Amino acid sequence: SQKIEQNSEALNIQEGKTATLTCNYTNYSPAYLQWYRQDPGRGPVFLLLIRENEKEKRKERLKVTFDTTLKQSLFHITASQPADSATYLCALGGGADGLTFGKGTHLIIQP
Amino acid sequence: NAGVTQTPKFQVLKTGQSMTLQCAQDMNHEYMSWYRQDPGMGLRLIHYSVGAGITDQGEVPNGYNVSRSTTEDFPLRLLSAAPSQTSVYFCASSYGSGAYNEQFFGPGTRLTVL
């Protein structure tokens, strides 16, 4: 069955450093991959979408890579700030029936 | 622009009761969907709709019904609530297919079934 794996443990990063989150998948060939941010008690908020034929996408301090050979996406936040602390969700899409989400990685940026 | 709105925010039901979770969007999006989020499980797709009058099942549809009579509204009905349906429910919408487009999520409904 399809499986998406994200770091299950919380990731602690010092302010100003680059945070790197990993999303691995198996038994899946997604055409698109999305990243969302979720704060406690709130709905997910879209951050970035990358297509299978794109290697890398950037938006301000965010960068996403998509390696279909390794079946992996990396999500980077550069110059991290305490306000970046949240849970980050990886989601895969390839059909008409919406997205399949990973369980998320809880990121903590320490001042 | 209110985006995606959901009501109620919180709900407590007894086993066997029925209820409808409301979802509305004012962005003229064709695609709407319902997810549930449980601790340690991530978001799972319940039902989705690609336009008014068209609905389909997602990963975990059992115990839920949906209909889409207008572009704006996509209610989720629990026919006979069970404790296993205790969860946080999110409605989402997008311009096109949820797989290929940015999803806009509502604030969620926290449901407890006793």
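Above this text you will find the structure in question.
Residues numbered from 1 in each chain as written. Chains lettered and ligands numbered in written order. Predicted model: local features only at pLDDT ≥ 70, side-chain atom pairs only at ≥ 80, totals over all residues. Heavy atoms only, no water.

A.B. asks: So what about the interface of chain B and chain A? Which residues, and what values?
C.D. replies: Each partner contributes residues to the interface: chain B has 20 residues there, and chain A has 21 residues. At the boundary of chain B with chain A, total buried surface from both sides reaches about 1600 Å², with 57% on carbon and sulfur atoms. On the chain B side of the contact with chain A, L43(B), A99(B) and Y100(B) bury the most area, a combined 33% of that side's loss. For the pair chain B and chain A, the number of links is zero salt bridges. Our enumeration of links across chain B and chain A arrives at five residue pairs in polar contact (both at pLDDT 80 or more). Secondary structure elements with two or more residues in the side of chain B that touches chain A: strand 4 (31-38) and strand 5 (42-51) of chain B. Of the residues forming the side of chain B that touches chain A, the biggest block, four residues, is contributed by strand 5 of chain B. (Contact = heavy atoms within 4.5 Å. Buried area = accessible area lost by both parts, 1.4 Å probe. Salt bridge = Lys/Arg side-chain N within 4 Å of Asp/Glu carboxyl O. Polar contact = N/O pair within 3.5 Å; in protein donor to acceptor, adjacent residues only side chain to side chain. Helix = DSSP H or I, 4+ residues; strand = E, 2+ residues; numbered from the N terminus.)

A.B. asks: So what about the pattern of salt bridges? Which residues, and what values?
C.D. replies: The full count for this structure, using the stated rule, is seven salt bridges over all chains. A salt bridge links R58(A) to E56(A); its shortest N-O distance comes to 2.9 Å. Look at the salt bridges and you will find they share partners, linking R36(B), D38(B) and R44(B) into a network.

A.B. asks: Please set out the packing of aromatic side chains residue by residue, giving values where relevant.
C.D. replies: Scanning the model with the defined rule gives 13 aromatic pairs over all chains in all. Geometrically, the ring pair formed by Y36(A) and F105(B) is edge-to-face, given 5.7 Å between the ring centres and 85° between the ring planes. Linking Y36(A) in strand 4 (residues 32-38) with F105(B) in strand 10 (residues 104-105), this pair reaches from one chain into another. Here Y36(A) and F105(B) have matching classes, each one buried. Feature note: the residues Y36(A), F46(A), F101(A), Y35(B), F90(B) and F105(B) constitute an aromatic cluster, connected by ring pairs. For R68(B), the ring lying beneath its charged end belongs to F74(B), and the centroid distance is 6.0 Å. (Phe/Tyr/Trp six-rings, centres within 6.5 Å; stacked < 30°, edge-to-face > 60°. Buried < 20%, exposed > 50% of the residue type's maximum accessible area, 1.4 Å probe, protein only. Lys NZ or Arg CZ within 6 Å of the ring centre and 35° of its normal.)

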